[in-house]
Amino acid sequence: PRGRRQLILRLYFIDQRRRTRCLFVIVFTIQYIISGYNNNTMTNLNDILKQYQNILYFIGRIFALFIFGPYLIYIGNKMKNTILVLLGVLLIVWDGAKLGIQFYYNDFTY
């Protein structure tokens with residue numbers, strides 16, 4: 001049992017180092033994108049987000065309406081937590097209303 005436990009701990013720490021290394025790569029990549037390596041050839045992340053802000057909001061609302069809201073309700077029912085169920089219902093109602101208004105007026109600018 002002792003050798004098996006040491007192997008499990010060793011694998012856990014190797015995996016933890018990989019996660020840390022991966023996190024550093026992600027953070028430095030995001031910093032690189034935000035700062036831009038050359039302002040003439042690469043726009044920074046803020047300009048890109050401003051350009052695609054409307055579609056990103058729309059995708060986020062679709063995600064909240066069909067995936068995250070029902071997931072909160074499911075987990076709330078499973079754990080018998082009424083606050084999670086209430087948050088899931090509110091999320092679905094809020095984002096559903098926003099999407100309904102956007103579809104009704106055919107205006108996706110907000």
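What you see is a predicted model; the values in this text were computed from it and never measured.

S.K.: Explanation requested: helix α3 (residues 53-79) in the structure shown.
M.R.: An α-helix turns once every 3.6 residues. As a result, residues three or four positions apart point the same way. Along α3, the sharpest kink reaches roughly 45 degrees, centred on Ala64. Once α3 ends, the next one or two residues include Lys80, with phi positive near 55 degrees.

S.K.: I would appreciate a short explanation of unusual backbone geometry in the present structure.
M.R.: Leaving glycine aside, a negative phi is the common case for residues, and trans is the common case for peptide bonds. Positioned with a positive phi, Lys80 is a non-glycine residue whose angle comes to about 55 degrees. When you line up the elements, Lys80 lands in the loop between α3 and α4 (82-105). Among the residues examined, Lys80 registers a relative accessible area of 75% and is labelled exposed. Phi is positive for Asn106, close to 50 degrees, though the residue is something other than glycine. Mapped onto the fold, Asn106 is located in the segment after α4. Residue classification places Asn106 among the exposed positions, given a relative accessible area of 62%.

S.K.: When you look at the environment of Val89 in this model, what are you seeing that I'm missing?
M.R.: Among the secondary structure elements, Val89 is positioned in helix α4. For Val89, a relative accessible area of 37% gives the class partly exposed. Note: C-alpha distance between Val89 and Leu65 (24 residues apart in sequence) is 9.5 Å.

S.K.: Please explain a nonpolar patch on the surface as it appears in this structure.
M.R.: A contiguous nonpolar patch, built from Ile48, Leu49, Tyr52, Ile55, Leu56 and Ile59 and spanning about 520 Å² of accessible area, is present on the exposed surface. Where the nonpolar patch is concerned, the elements lending two or more residues are α2 (45-51) and α3. In terms of residue count, α3 provides more of the nonpolar patch than any other element does, 3 residues in total. Here Leu56 lies in helix α3.

Rules used throughout
- Residues numbered from 1 in each chain as written.
- Predicted model: local features only at pLDDT ≥ 70, side-chain atom pairs only at ≥ 80, totals over all residues.
- Heavy atoms only, no water.
- Bend = angle between axes of the 7 residues up to and from the residue.
- Helix = DSSP H or I, 4+ residues; strand = E, 2+ residues; numbered from the N terminus.
- Buried < 20%, exposed > 50% of the residue type's maximum accessible area, 1.4 Å probe, protein only.
- Patch = residues over 30% accessible without salt bridge, like charges linked within 9 Å, V, L, I, M, F, W, Y side chains within 5 Å.
- Areas by Shrake-Rupley, 256 points an atom, 1.4 Å probe, with all protein chains shown as cover.
- Salt bridge = Lys/Arg side-chain N within 4 Å of Asp/Glu carboxyl O.

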